[in-house]
Amino acid sequence: MNDEAEGTGESAAAPFDDPRNRQHPQEMYKLMRDHAPVTEIERYGRTACLVAKHEDVLTVLRNPEVFSSNDDAVDIGQVRPLVPLQIDPPNHSRYRKLTDPLFSPHRVAEIKDGTRAFVRGLVDAIKDSGHVNFHETIAEPVPTTVFLQLLGLPTSRSAEFIALKDGIIRPPSETVEQRSNAVRETGAKIYGVLDELIDERLAEPRDDLISGFLASDVGGQRLTREDVLDIGYLFFLAGLDTVTASLDCIMAFLAAHPSHRSEIVQDPTLIPNAIEELLRWETPVSNVVRVAVEDTELSGCPVRKGSMVTPMLASANTDEAYWDAADTIDFHRRTNKHLAFGVGVHRCLGSHLARMELRVVLEEWHRSVPEYRLREGLVLDYTEGLRQVNNLELVW
């Protein structure tokens with residue numbers, strides 16, 4: 001889950017409208033870095049600057065006073081700035097002090113065994129079938145179930161909630177106006193779900209995030225109902241999508257590269273390293289969004305005040321100016337400071353939870369299904385922006 005809720009929908013990725021570039025985007029990223037490190041396009045009726053070089057991506061992410069994450073940067077159906085994503089420093093730190101402990105390594109460790117039991121049950125149910133749509137059977141249910149339980153929403157309604165999330169991230173629309181209307185309509189439904197949940201928890205608190213928020217304060221002041229709604233809205237979107245996309249990308253790579261897959265089958269202790277390297281190479285949340293609050297420049301290119309600025313995390317993660325052997329997928333890479341979870345004040349607050357879920361799924365899957373491949377003739381369909389693979393058909 002990302003504090004970077006731009007990973008939940010607003011994706012300026014015109015060069016990647018071609019499905020082939022979405023499958024294997026690394027060459028396109030290199031072309032951008034070499035020939036157009038800052039590319040100005042029109043996106044959702046606004047000017048957007050795609051930023052490709054690692055150095056420039058860091059500049060954007062580390063300077064919120066110039067490249068703001070305020071509510072003008074991204075429209076995902078919110079009615080107020082989302083907390084903590086669209087709160088810039090200095091107020092941002094007050095909310096992170098509240099939310100960070102909820103996803104600390106200690107808190108994540110408390111739910112690891114339950115997550116493993118759930119994943120093992122899913123894998124055991126299909127391991128003798130010889131085929132599966134991994135996205136539908138594993139990648140979507142695992143993080144969805146884990147996060148709905150954390151938030152306090154019923155897992156029995158997971159299909160409904162996934163559809164609402166997709167209505168924000170992938171709205172069915174052909175024009176900017178249609179998109180805006182669809183997002184607003186879906187956003188209102190999500191607020192309705194959260195309003196009901198808040199009423200239930202005010203009447204009967206439980207051991208979940210919403211109950212915790214209602215009982216919490218920031219800087220000595222209790223969170224308002226609107227604060228809890230805005231935090232819940234962000235969590236609802238980010239928590240139901242990014243880990244699913246990461247699992248899709250990682251498993252699609254391993255299914256297509258048996259030599260790399262055999263490395264982690266023969267030595268499961270490599271799985272954490274493999275996850276970090278494949279997050280670097282695949283970078284499912286390929287970009288995030290900021291807005292320039294003053295005229296500035298990147299790589300000598302002017303960036304006008306009010307422009308959307310889109311640091312391409314995926315391009316930065318394969319920039320040969322920063323990485324040794326950038327195009328080599330190496331599960332033994334000693335240093336791996338990838339940007340898949342962002343960097344700076346808005347770095348992903350759910351990174352520990354995401355890593356745990358990824359590790360548990362890869363361990364349990366390869367324990368039971370060590371040899372698998374893509375279905376013959378399958379052309380993987382990567383979604384734009386957040387790289388989900390809905391048709392991830394595996395056979396063994």
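Residues numbered from 1 in each chain as written. Predicted model: local features only at pLDDT ≥ 70, side-chain atom pairs only at ≥ 80, totals over all residues. Heavy atoms only, no water.

I'm lost on the overall build of the chain in this one. Help?
Each helix and strand in the chain was counted, giving 17 helices and twelve strands. Residue pairs at least 24 apart in sequence account for 73% of intrachain contacts in the chain once pairs closer than 6 positions are excluded. By element, 49% of the accessible surface of the chain is carried by carbon and sulfur atoms, the whole surface being about 16200 Å². Looking at the chain, you have 42 positive and 63 negative side-chain charges, and the mean spots of the two groups are 3 Å apart. (Helix = DSSP H or I, 4+ residues; strand = E, 2+ residues; numbered from the N terminus. Contact = heavy atoms within 4.5 Å. Areas by Shrake-Rupley, 256 points an atom, 1.4 Å probe, with all protein chains shown as cover. Lys, Arg positive; Asp, Glu negative; His and termini not counted. Charge placed at Lys NZ, Arg CZ, Asp CG, Glu CD.)

Sorry, what's going on with helix α8 (residues 141-151) here?
The periodicity of an α-helix, 3.6 residues per turn, causes residues three or four positions apart to be oriented the same way. Most of α8 is tucked away: nine of the eleven residues are buried. One or two residues past the end of α8 sits Gly152, with phi positive at roughly 110°. (Buried < 20%, exposed > 50% of the residue type's maximum accessible area, 1.4 Å probe, protein only.)

Explanation requested: the environment of Ile198 in the structure shown.
Residue position: Ile198 is located in helix α10 (residues 176-203). Along the chain, Ile198 and Glu277 lie 79 residues apart, while their C-alpha atoms are 39 Å from each other. Dropping the residues within four chain positions of it, Ile198 is found in contact with Ile210, Leu214, Arg225, Val228 and Leu229.

I would appreciate a short explanation of the packing of helix α13 (residues 242-256) against helix α14 (residues 258-266) in the present structure.
In a packed pair of helices, the relevant descriptors are the angle between the two axes and the axis-to-axis distance. In contact at an axis separation of 5 Å, α13 and α14 are set at 105° when each is read in the N-to-C sense. By the angle class used here, α13 and α14 are roughly perpendicular. Mapping the contact onto sequence places Phe253, Leu254, Ala255 and Ala256 in α13 and Pro258, His260, Arg261 and Ile264 in α14. For the contact of α13 with α14, the residue count by class is six nonpolar, one polar and one charged. (Axes fitted to C-alpha atoms, helices over the stretch in contact; angles between N-to-C directions. Parallel < 35°, antiparallel > 145°, perpendicular 65-115°, else oblique. Nonpolar A, V, L, I, M, F, W, Y, C, P; charged D, E, K, R; others polar.)

Can you help me understand the side chain of Ser307 in this one?
Take Ser307: it is sitting in the loop between β9 (301-303) and β10 (308-311). According to the relative accessible area criterion, Ser307 is buried, its value standing at 5%. From its side chain, Ser307 meets the backbone oxygen of Arg304 in a polar contact 3.0 Å long. In contact with Ser307, not counting residues within four places along its chain, are Thr47, Cys49, Arg290, Val291 and Ala292. (Polar contact = N/O pair within 3.5 Å; in protein donor to acceptor, adjacent residues only side chain to side chain.)

What's the story with the packing of α13 against helix α17 (residues 351-368) in this structure? I'm lost.
Running from N to C, α13 and α17 point in directions that differ by 40°, and their axes come no closer than 10 Å. As judged from the angle between their axes, α13 and α17 are oblique. Handedness of the α13/α17 crossing: right-handed. Facing Val243, Ser246, Leu247, Ile250, Met251 and Leu254 of α13, the residues of α17 in contact are Ala354, Glu357, Leu358, Val361, Leu362, Trp365 and His366. For the contact of α13 with α17, the residue count by class is ten nonpolar, two polar and one charged. (Left-handed = near helix turned anticlockwise from the far one by under 90°.)

I keep staring at α13 and nothing clicks. Help me out?
The terminal C-alpha atoms of α13, which comprises 15 residues, lie 21 Å apart, in line with the 21 Å expected from a rise of 1.5 Å per residue. With respect to burial, α13 is a largely interior element, 14 of its 15 residues being buried. (Expected span 1.5 Å × (residues − 1).)

How do you make sense of the pattern of salt bridges when you look at a structure like this?
Inspection of every chain in the model, using the stated rule, returns 31 salt bridges. Among the ionic pairs, Glu160 bridges to Arg157, the shortest N-O distance being 2.8 Å. Residue classification places Arg157 among the partly exposed positions, given a relative accessible area of 29%. The partner of Lys165 in a salt bridge is Asp241, and the shortest N-O contact between them spans 2.6 Å. Separated by 76 residues along the polypeptide, Lys165 in helix α9 (residues 158-169) and Asp241 in the loop between α12 (225-239) and α13 bring together distant segments of the chain. Grouping residues by exposure puts Lys165 and Asp241 together as buried. (Salt bridge = Lys/Arg side-chain N within 4 Å of Asp/Glu carboxyl O.)

Is there a simple way to think about the state of the cysteines in this case?
Disulfides are covalent bonds that connect the sulfur atoms of two cysteines. Per the stated rule, a full pass over the model turns up zero disulfides. No disulfide involves Cys249; its sulfur sits 15 Å from that of Cys348, the nearest cysteine. Here Cys301 is not disulfide-linked; the sulfur of Cys49 is the nearest cysteine sulfur, at 8.7 Å. (Disulfide = S-S within 2.5 Å.)

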